[in-house]
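# Notes for the structure review
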Amino acid sequence: MTLKFLGATGTVTGSKYLLRHGDDQVLVDCGLFQGYKQLRLRNWDAFPVLPAAIRSVVLTHAHLDHSGFLPVLVGAGFRGPVYCTEATRDLSHILLPDSGRLLEEEALYANRHNFSKHKPALPLYSEADALRALEHLVVVPVGHEFSPAPGMTARLQLAGHILGAASVSLRCGGRTILFSGDLGRPHDPIMRPPTPLGACDYLVVESTYGDRRHEPADPRGQLAAVISKTAARGGVTVIPSFAVGRAQELLHEIGQLKRAGAIPAALPVYLNSPMAVDATRLYIKHHEQHRLDERACRELGQVAHIVNSVEESMALNRRQTPMVIIAASGMATGGRVLHHLKAFAGDARNTILFAGFQAAGTRGARLLAGETSVKIHGEYYPVRARVEMIGNLSAHADGDETMDWLSHAPAAPRQVFVTHGEPAAADALRRRISEQLGWPCRVPEYLEEVVLE
Ligand SMILES: [Zn+2]
């Protein structure tokens, strides 16, 4: 059996792992590359294996860096099932078509304003391509065994992080390979903790925050301080956010802050995401996966005005009175938040507040590094607004929390592969696993293929 790393090496994006056993190939995750241009260009490369020859895909969760490449795979001839949890299926029905729509909008915008080197600029895939990909999704119950290929069994176990997120263990030829997927946090305010690590021979573990410790500071206090100071200056707080997951967490926190009087109760909050209503419904449907009761879920829908149309979205940009705008995407790589950044980044009264991990090379990472201008849709805009980051709202376990999850393994794996981290984070976690647990551990390279004895 072999394992080939087709992404999430030296980066947190593009998660794709190909398991080969005899003639059978199974792909674990099918994510988009994001961030640095040289990474994004990989999305356009010929796929390293014939998609038609892949028997099935197993998805750990619905974030696009784990699922957003599916429409390309299906377009290139993949015909098999895509196994996932029910909540991942539900979220993918929201996120994948939206991703196709955004890619189409970006291509259209590039053509209209003539700033692409490609004439005409084409989207990586369309909404229609995404809808076709969704037809391949097959729900498997959490904890139940299924067979992604002859002679292979697999099982999904919830991993916290976001609704539906799971670790996947695959058993084949007497060996078990476990993929952590994105690991949630043990004391997340909304999501439940990850399922404890089970026995495995080989382990592929994420390392997004492998070199960091989440600050003990309470994010609610930080959120209150930023929003109320910005409003007091007469400014607008723009929060780039994943539309599903992080946005609900922000709404929950903002709702609590308003009730507690920590931010002005009358301060308008806008959620600029047509997907929000559907997402909130999913929190009610999949209530067993999180800590909010039904009342709290329903309240999420009442904290913010939902911005549905592009016209409403543009009207917000003309308002220059204090408000909070939450809009996708979370790393400011695309989506409606770009238009808000164009409108509000130039005013020193405003704040751009990031609420999650910013992958290297993304606009979010560059803004946080203090760049004084930001390139959007081919043009530069000055940045005079404050740029801040809420430290402790992460949906990922930090280094200590990951080590704690690992240390409860019933036995040492034969080999650990550390992936899904920038180089420094991956190497820091590798060192800790080698030194503190004494497990054989390495960081694989892009397109490296290893034999699993
Ligand atoms: Zn994720």
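Right, let's walk through the structure included here. The structure presented is a predicted model; accordingly, all values stated were derived computationally and were not measured. (Residues numbered from 1 in each chain as written. Predicted model: local features only at pLDDT ≥ 70, side-chain atom pairs only at ≥ 80, totals over all residues. Heavy atoms only, no water.)

### Some thoughts on the overall build of the protein
Looking only at helices and strands, the protein has 14 helices and 22 strands in total. The C-alpha atoms of the protein give 21 Å as radius of gyration, which agrees with the globular expectation for 453 residues (22 Å, within 12%). Here the C-alpha coordinates of the protein stretch approximately 65 × 50 × 40 Å along the principal axes. With the model as given, the accessible surface of the protein reaches about 18,000 Å², and the carbon-plus-sulfur share is 52%. Distance between charge centres in the protein, computed from 47 positive and 46 negative side chains, equals 4 Å. (Helix = DSSP H or I, 4+ residues; strand = E, 2+ residues; numbered from the N terminus. Rg over C-alpha atoms; globule rule 2.2 N^0.38 Å. Areas by Shrake-Rupley, 256 points an atom, 1.4 Å probe, with all protein chains shown as cover. Lys, Arg positive; Asp, Glu negative; His and termini not counted. Charge placed at Lys NZ, Arg CZ, Asp CG, Glu CD.)

### Structural notes on the nonpolar core
The biggest cluster of nonpolar side chains holds 45 residues, and the ones touching the most others in it are Leu223, Ile239, Leu250, Ile254, Val324 and Ile326. Elements supplying a minimum of two residues to this core: helix H4 (86-113), helix H6 (219-232), helix H7 (246-260), strand S13 (269-272), helix H8 (276-285), helix H9 (294-303) and strand S15 (323-327). Those residues within four positions of leucine 223 in sequence are excluded, and the remaining contacts are Ile239, Leu250, Glu253, Ile254, Leu257, Leu353 and Ile390. Core analysis: the second largest hydrophobic core is formed by 27 residues, Ala8, Leu19, Phe146 and Leu452 among them. (Core = buried A, V, L, I, M, F, W, Y, C linked by side-chain atoms within 4.5 Å. Buried < 20%, exposed > 50% of the residue type's maximum accessible area, 1.4 Å probe, protein only. Contact = heavy atoms within 4.5 Å.)

### Let's talk about the coordination of the zinc ion
The expected angle between donors at a tetrahedral four-coordinate metal is 109.5 degrees. At an octahedral six-coordinate metal it is 90 or 180 degrees. The protein atoms that coordinate the zinc ion are His61 (NE2), His63 (ND1), His161 (NE2) and Asp182 (OD), at distances spanning 2.1 to 2.3 Å. Seen from the zinc ion, its 4 donor atoms lie at angles of 92 to 167 degrees, and the figure they make is irregular. Every donor residue of the zinc ion comes from the same chain, spaced as H-x1-H-x97-H-x20-D. With histidine 161 in the loop between strand S8 (152-158) and strand S9 (166-172) and aspartate 182 in the loop between strand S10 (175-179) and strand S11 (202-206), this pair connects stretches of sequence that are 21 residues apart. (Donors = N, O, S within 2.8 Å, 3.2 Å for Na, K, Ca; no water. Tetrahedral: all angles 85-135°; square planar, octahedral: opposite > 155°, others 65-115°.)

### Quick notes on the packing of aromatic side chains
For any pair of aromatic rings, the description rests on two quantities: the centre-to-centre distance and the angle between the ring planes. Inspection of the entire model under this criterion finds 7 aromatic pairs. Aromatic side chains phenylalanine 47 and phenylalanine 69 sit 5.8 Å apart centroid to centroid with 25 degrees between the ring planes, which places their arrangement in the stacked category. Taken together, the positions of phenylalanine 47 in the loop between helix H1 (37-40) and strand S4 (56-58) and phenylalanine 69 in the loop between helix H2 (64-67) and helix H3 (70-75) put the pair 22 residues apart, joining distant regions of the chain. Each member of the pair, phenylalanine 47 together with phenylalanine 69, is buried. Judged by centre distance (4.9 Å) and plane angle (40 degrees), the ring pair of tyrosine 83 and phenylalanine 146 falls under tilted. Of the two residues, tyrosine 83 sits in strand S5 (residues 82-84) while phenylalanine 146 sits in strand S7 (residues 146-149), which places them 63 residues apart along the sequence. (Phe/Tyr/Trp six-rings, centres within 6.5 Å; stacked < 30°, edge-to-face > 60°.)

Functional significance is not addressed by these values, which are geometric in nature.
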